[in-house]
Amino acid sequence: MIVPWQELRAAASRLVVKHEKETAALLRSYKSLYPTWCFELRCGFSLLMHGFGSKKALLEDFASTCLTDGSVFVLNGYLQSINIKHAVASVAEILWDEMKRKRRIPSGSKSKVAQPFASQSMDELLQFLDGSQLKENDCIVSVIIHNIDGPGLRDCESQQSLARLACCSQVRLIASIDHVNTLLLWDKKLVAQFNWSWYHVPTFAPYKVESTFMPMILANSGCVQNMRTAAIVLQSLTPNAQSVFRILAEHQLAHPEEEGLALNLLYAKCREKFVVSSQVTLNSHLTEFKDHELVKTKRNSDGLDCLCIPLPNEALEKLLQEIG
């Protein structure tokens, strides 16, 4: 017998949290390792965290505390499907934005990136991220991968692309693993490319976000379940990401006759409300929405790509109420 989704969530919410003081002390001890982690990243090593418990909060705290000298890109490997080329293109866009902000764009390099990153090949993206065109090595993008051994990244092509990404001079890689057979993903060549520095950091924290999609497998899909799953995902995102989603949802509710909202119009609305500061930031939020299947892209009758939320209006209204 399959346990209903509602009963499963209710039972999980009643679980008593144990050993809170010991767990907090354990996390404080890991914070003393932050300077060592920063030093190893600067020396060209990639960091790999393993041990029982979710390491999502630990890695994001490390990023917000220590990785402030550059931009940070987060890749959620626990998702069921991931477009690795799209992720690498997003990293390239962030680096380009960082170069413009620090005025580190060499003469003649603008023509090389005149073509949008999304339409460039993987080799071209990695060549750009390797930073051979930069005289000063102060434009860095830190890439955090939650569950590099997750279901969406277990194929050979994804692991090879990530290993090549780890070799790029403008990229620092920090990742976590949880699967018992993770080492079977890498041969000697990939291990050498990743250049891991291993850390055993058990947190004993529940895998709340990572297991968000488990109910979709254990229970029958339906509108109510999709709405509740979307609420769980949205509550785990940043306030700005939630605001972007709310702007799109409110437009969809106000204009039910339209086929969706064009990207440029969504960007204008978000800029007007000071939710995003650049197109790169908006694209990052939209990538996360699409990875979680919260937003879909479809072509309208005029041939324009528009964004829409695949929920009926009634469920969408309840979703907005639930996320506040």
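Worth saying up front: this structure is predicted, and the values here are computed from it rather than measured.

For the coordinates displayed, the defined rule picks out 2 cavities of 30 Å³ or more. The calculated volume of the largest cavity comes to roughly 40 Å³. Contributing to the lining of the largest cavity are Phe73, Ser90, Glu93, Ile94, Val280, Asn283 and Ser284. For the lining of the largest cavity, the elements supplying multiple residues, two or more each, are helix H5 (84–101) and helix H13 (279–291). Considered as a void within the structure, the second largest cavity measures approximately 30 Å³ in volume. Lining the second largest cavity are Phe73, Leu75, Ile84, Ala87, Val88, Val91, Val143, Leu162 and Leu165. Looking at the lining of the second largest cavity, the elements that each hand over two or more residues are strand E2 (71–76), H5 and helix H7 (156–167). A per-element tally of the lining of the second largest cavity places H5 first, with 4 residues. Of the residues that constitute the lining of the second largest cavity, the class distribution is 9 nonpolar, no polar and no charged.

On to the pairing of strand E7 (residues 296–299). Across 4 bridges, E7 lies against strand E8 (residues 305–308) in antiparallel orientation. Directly across from Thr297, in E8, lies its bridge partner Leu307. Hairpin remark: E7 followed by E8, antiparallel, with 5 residues in the connecting loop; positive phi at Gly303, about 85°.

Within a sheet, adjacent strands bond to each other through the backbone by hydrogen bonds, running parallel or antiparallel. Sheet architecture is open: 3 strands sit in the order E6-E8-E7, paired in antiparallel fashion. This sheet does not close on itself; its edge strands, each paired only once, are strand E6 (261–262) and E7.

In this structure, Leu75, Leu129, Val143, Ile145, Ile148, Leu162 and Phe194 are the most contacted members of the largest nonpolar core, which totals 42 residues. Elements supplying a minimum of two residues to this core: E2, H5, helix H6 (122–129), strand E3 (141–146), H7, strand E4 (171–176) and helix H8 (188–194). Among the elements that make up this core, the one with the highest residue count is H5 (10 residues). Here Leu75 is in contact with Ile82, Ile84, Ala87, Ile144, Ile145, His146, Leu153 and Leu162, once residues within four sequence places are set aside. By size, the runner-up hydrophobic cluster in this structure holds 31 residues, among which are Val244, Phe245, Leu248 and Ala249.

Take the layout of surface pockets next. To find leftover empty space, a probe the size of one water molecule is rolled over the atoms. Empty space within the largest pocket amounts to approximately 1,200 Å³. What lines the largest pocket is a set of 41 residues, and nearest its centre among them are Val72, Phe73, Val74, Ser284 and Glu288. For the lining of the largest pocket, the elements supplying multiple residues, two or more each, are helix H4 (56–66), E2, H5, helix H11 (239–254) and H13. The element best represented in the lining of the largest pocket is H13, accounting for 8 residues.

Glancing now at helix H14 (residues 313–322). Residue pairs three or four apart in sequence face the same way in an α-helix, which turns once every 3.6 residues. For H14, the full list of buried residues reads Ala315, Leu316, Leu319 and Leu320. Buried residues of H14, viewed axially, fall in a sector of 140°; they line one side. Projecting away from the buried face of H14 at angles above 90 degrees are the exposed residues Glu314 and Gln321.

Once that is clear, we can look at the confidence of the model for the protein chain. Low-confidence regions, as indicated by low pLDDT, have predicted coordinates that should not be scrutinised in detail. In the predicted model, the protein chain carries a mean pLDDT of 85, and the fraction of residues at 70 or more is 87%. With pLDDT under 50 throughout, residues 215–221 is counted as low confidence; its partners more than four residues away or in other chains account for 12 contacts.

Attention shifts here to the state of the cysteines. Overall, the coordinates contain 0 disulfides when judged by the stated rule. No disulfide involves Cys167; its sulfur sits 7.1 Å from the nearest other cysteine sulfur, which is in Cys168. Of all cysteine sulfurs in the structure, the one in Cys306 sits closest to Cys308, which takes part in no disulfide; the separation is 8.4 Å.

The rules we used
- Every chain is numbered independently, its residues counted from 1 as its sequence is written.
- Totals for whole chains, interfaces and linings use all residues, but because this is a predicted model, local features are given only for residues with pLDDT of at least 70 and pairs of side-chain atoms are given and counted only at 80 or more.
- Hydrogens and water are ignored here; the side-chain numbers use all heavy atoms of the structure.
- Buried and open spaces are told apart on a 1 Å grid over the protein atoms alone, a cavity being a set of points where a 1.4 Å probe fits but cannot get out and a pocket being an open set with protein on both sides within 12 Å along at least five of seven lines. Residues with an atom within 4 Å of a point are the lining residues.
- Grid points are joined across faces, edges and corners, and a volume is the space filled by probe spheres set on the points.
- Only DSSP runs of H or I with at least four residues qualify as helices, and only runs of E with at least two residues qualify as strands; both kinds are numbered from the N terminus onward.
- Polar here means any residue outside two lists: the nonpolar Ala, Val, Leu, Ile, Met, Phe, Trp, Tyr, Cys and Pro, and the charged Asp, Glu, Lys and Arg; Gly therefore counts as polar.
- Here, a strand pair is defined by DSSP locating no fewer than two bridges between the strands.
- Buried Ala, Val, Leu, Ile, Met, Phe, Trp, Tyr and Cys residues that are joined via side-chain atoms within 4.5 Å together make up what is termed a nonpolar core.
- Summary of the burial criterion: residues with accessible area below 20% of their type's maximum are buried, those above 50% are exposed, and those between are partly exposed, where the area comes from a 1.4 Å probe applied to protein chains only.
- What makes two residues a contact is simply this: any of their non-hydrogen atoms within 4.5 Å.
- Relevant arc is that of directions from the helix axis to the C-beta atoms, nothing else.
- The score called pLDDT rates the predictor's confidence residue by residue, from a low of 0 to a high of 100.
- Working definition: a disulfide is two cysteine sulfur atoms within 2.5 Å of each other.

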